[in-house]
Amino acid sequence: FFRTEIPEGLCQLPGPKPLPIIGNVLEVGRNPYLSLTAMSKRYGDVFQIQIGMRPVVVLSGSETVRQALIKQGDDFAGRPDLYSFRFINDGKSLAFSTDQAGVWRARRKLAYSALRSFSTLEGTTPEYSCALEEHVSKEAEYLVKQLNTVMETDGSFDPFRHIVVSVANVICGMCFGRRYDHNNQELLNLVNLSDEFGQVVASGNPADFIPILQYLPSTSMKKFVSINDRFNAFVQKIVSEHYTTFDKDNIRDITDSLIDHCEDRKLDENSNVQMSDEKVVGIVNDLFGAGFDTISTALSWSVMYLVAYPEIQERLYQEMSKYSTLTANLPFLEAFILEIFRHSSFLPFTIPHCSSKDTSLNGYFIPKDTCVFINQWQINHDPELWKDPSSFNPDRFLNTDGTELNKLEGEKMMVFGLGKRRCIGEVIARNEVFLFLAILVQNLRFHAKPGEPLDMTPEYGLTMKHKRCHLRAAMRSRNEE
Ligand code: HEM
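Now for a look at the structure at hand.

Rules used in this analysis
- Residues numbered from 1 in each chain as written.
- Predicted model: local features only at pLDDT ≥ 70, side-chain atom pairs only at ≥ 80, totals over all residues.
- Heavy atoms only, no water.
- Near = heavy atom within 4 Å.
- Helix = DSSP H or I, 4+ residues; strand = E, 2+ residues; numbered from the N terminus.
- Nonpolar A, V, L, I, M, F, W, Y, C, P; charged D, E, K, R; others polar.
- Donors = N, O, S within 2.8 Å, 3.2 Å for Na, K, Ca; no water.
- Core = buried A, V, L, I, M, F, W, Y, C linked by side-chain atoms within 4.5 Å.
- Buried < 20%, exposed > 50% of the residue type's maximum accessible area, 1.4 Å probe, protein only.
- Pairing = 2+ DSSP bridges.
- Contact = heavy atoms within 4.5 Å.
- Axes fitted to C-alpha atoms, helices over the stretch in contact; angles between N-to-C directions.
- Expected span 1.5 Å × (residues − 1).
- Arc of directions from axis to C-beta.
- Phe/Tyr/Trp six-rings, centres within 6.5 Å; stacked < 30°, edge-to-face > 60°.

1. Description of the site of the ligand
Next up, step 1: As a structural note, the neighbourhood of the ligand is formed by 26 residues, with Arg79, Arg108, His353, Arg421 and Cys423 the closest of them.
Next up, step 2: Taken together, the elements giving at least two residues each to the shell around the ligand come down to helix 4 (101–120) and helix 12 (283–308).
Next up, step 3: At five residues, helix 12 tops the list of elements feeding residues into the shell around the ligand.
Next up, step 4: Within the shell around the ligand, the residues separate by chemical class into 16 nonpolar, seven polar and three charged.

Structural data, given as structure tokens:
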């Protein structure tokens, strides 16, 4: 259609030749993290594909991604206007909407400070160093009991089904000041169906790029709209209850602190960013949504890896047995977590970005409003960066005598994005995964259900899940060697 004028001195982006109407959809296929990694070998760190009629720039390679997201951070901090994103949080999502830079920045700051203050609050007893530690320890201990009970009654359990409730309870505690029973149907209906959400918002979903597909009946799109509606209704009900019982002198949780912010803002004549109350309080939808799906996926994968590598499970247990407290230095556990993030790369792409102005990268011209995919999976499996990248080997993150974490190696792994859009829950996520896993490994030995081979093939999505399956676990006795 239109050929953009390329400024002098810059080159046109390389990439595969698109077909009319569908573009490169066929080559991208069902597993874009694999197909786009293969294309990066042919076309380099910066190349262009076309999904439907829309050009998409794909970035790979650690140096190139750092250049784009850190050194040229402002140029690439936008979000594209994608069809599926309009349904998330009623189009008012902090993470997915096309908010102008000023509004997005103000909301991100608010979200970050609310999250930080409600995770670092003091615990209710000196046993816990902070509120996050208290929530996680209690939920993890409850999860151990729950898995043990299910083992006694059913003989096996679906790991994701139980982990997701425990993780949702941690973020519910911080956002809404409440927790739910493991059999609460309202919560279960909401959190157990998150697979379809991730499949629709994943990078490269054709319906986001080929307008005609938006008018065809699609079961996954219908489910997606219904999940978003249910999710919004669930949060809205709790938010309304908070408005009714709000007391400025007793800010109970993140929802209260956001309501309080709206009240203060009305009195502040100097406030320069115009935002509706809905946009402020709506931040809690993003925190709750991002806070349970990502961490439950990480933990569920962790349990799969424990089962797949029993010798690693034993080594983790032995490391933990040496210490009486779980917040001690546990380098092998930390290395194991980093290796799960790297090897599974369960967030294979960041949320799509968008160029906020005409710009260039590695000598190629990228026009304003171009959709940009960041291939984290490629960085985590790049043979230039990692020795034998396809093997699962936590020791790669330890120093040579295995006693300390190699911080520099850890920093090469990319699963939280980088720069201006970097995940705001990263610190919470790392601490939460660490503590949940420490308590699980210390109390239970996980193993496969005889006759059920372990299937570690990821199903593509914003967060990639393993197939639902059944596992077994046995309680460890306190004086086990
Ligand atoms: C954004 C990863 C946990 C809140 C992101 C992004 C990634 C990510 C890759 C997109 C970055 C980009 O677009 O460049 C993860 C992983 C997690 C995790 C792997 C767990 C292991 C959490 C938690 C919260 C959270 C626990 C909050 C409670 C957010 C928010 C954004 C975000 C609000 C949007 C930021 C923005 O668009 O400015 N995360 N995340 N995440 N994450 Fe996380």
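There is more to say, and it comes next.
2. Some words on the coordination of the iron atom of the ligand
Next up, step 1: There is one protein donor for the iron atom of the ligand, and it is Cys423 (SG), at 2.3 Å.
Next up, step 2: Its location among the elements puts Cys423 in the loop between helix 16 (407–412) and helix 17 (426–443).

3. A word on the nonpolar core
Next up, step 1: In this structure, Ile254, Phe288, Leu333, Phe336 and Phe446 are the most contacted members of the largest nonpolar core, which totals 133 residues.
Next up, step 2: Considering every element that reaches this core, the biggest residue donor is helix 12, with 14 residues.
Next up, step 3: Leu59, Val65, Ala68 and Leu418 belong to the second largest nonpolar core, which has 15 residues in total.

4. Details of the sheet that holds strand 2 (residues 54–59)
Next up, step 1: Here four strands make up an open sheet; going across it, the order is 1-2-6-3 and the pairing mixed. Each end of this open sheet is capped by a strand with a single partner; those strands are strand 1 (46–51) and strand 3 (353–354).
Next up, step 2: Pairing of strand 3 with strand 6 (residues 371–374) involves two bridges; the strand directions are antiparallel. For His353, the partnering residue across the bridge sits in strand 6 and is Val372.
Next up, step 3: Packing against the sheet, helix 2 (residues 32–43) makes contact with strand 1, strand 2 and strand 6, and its axis sits at approximately 130 degrees to strand 1.

5. Details of helix 4
Next up, step 1: With 20 residues, helix 4 should reach 28 Å at 1.5 Å per residue; the first-to-last C-alpha distance of 28 Å fits that figure.
Next up, step 2: For helix 4, the set of buried residues is Val103, Trp104, Arg107, Arg108, Leu110, Ala111, Ala114, Leu115, Phe118 and Ser119. Around the axis of helix 4, the buried residues are gathered within 165 degrees of arc, so they sit on the same side. The exposed set on the far side of helix 4, more than 90 degrees from its buried face, consists of Lys109 and Thr120.

6. Some words on unusual backbone geometry
Next up, step 1: Look at Asn89: it is not a glycine, yet its phi comes out positive at around 50 degrees.
Next up, step 2: Tracing the chain through its elements places Asn89 in the loop between helix 3 (62–71) and helix 4.

7. Comments concerning the packing of aromatic side chains
Next up, step 1: What the rule picks out here adds up to 24 aromatic pairs.
Next up, step 2: Seen from their ring centres, Phe85 and Phe96 are 5.0 Å apart, and the 70 degrees between their planes marks the pair as edge-to-face. You can see Phe85 sitting in the loop between helix 3 and helix 4 and its partner Phe96 sitting in the loop between helix 3 and helix 4, a full 11 residues away along the chain.
Next up, step 3: For the ring pair Phe209 and Phe373, a centre distance of 6.2 Å and an interplane angle of 75 degrees mean the geometry is edge-to-face. Of this pair, Phe209 sits in the loop between helix 8 (194–201) and helix 9 (219–245) while Phe373 sits in strand 6, and the two are 164 residues apart along the sequence.

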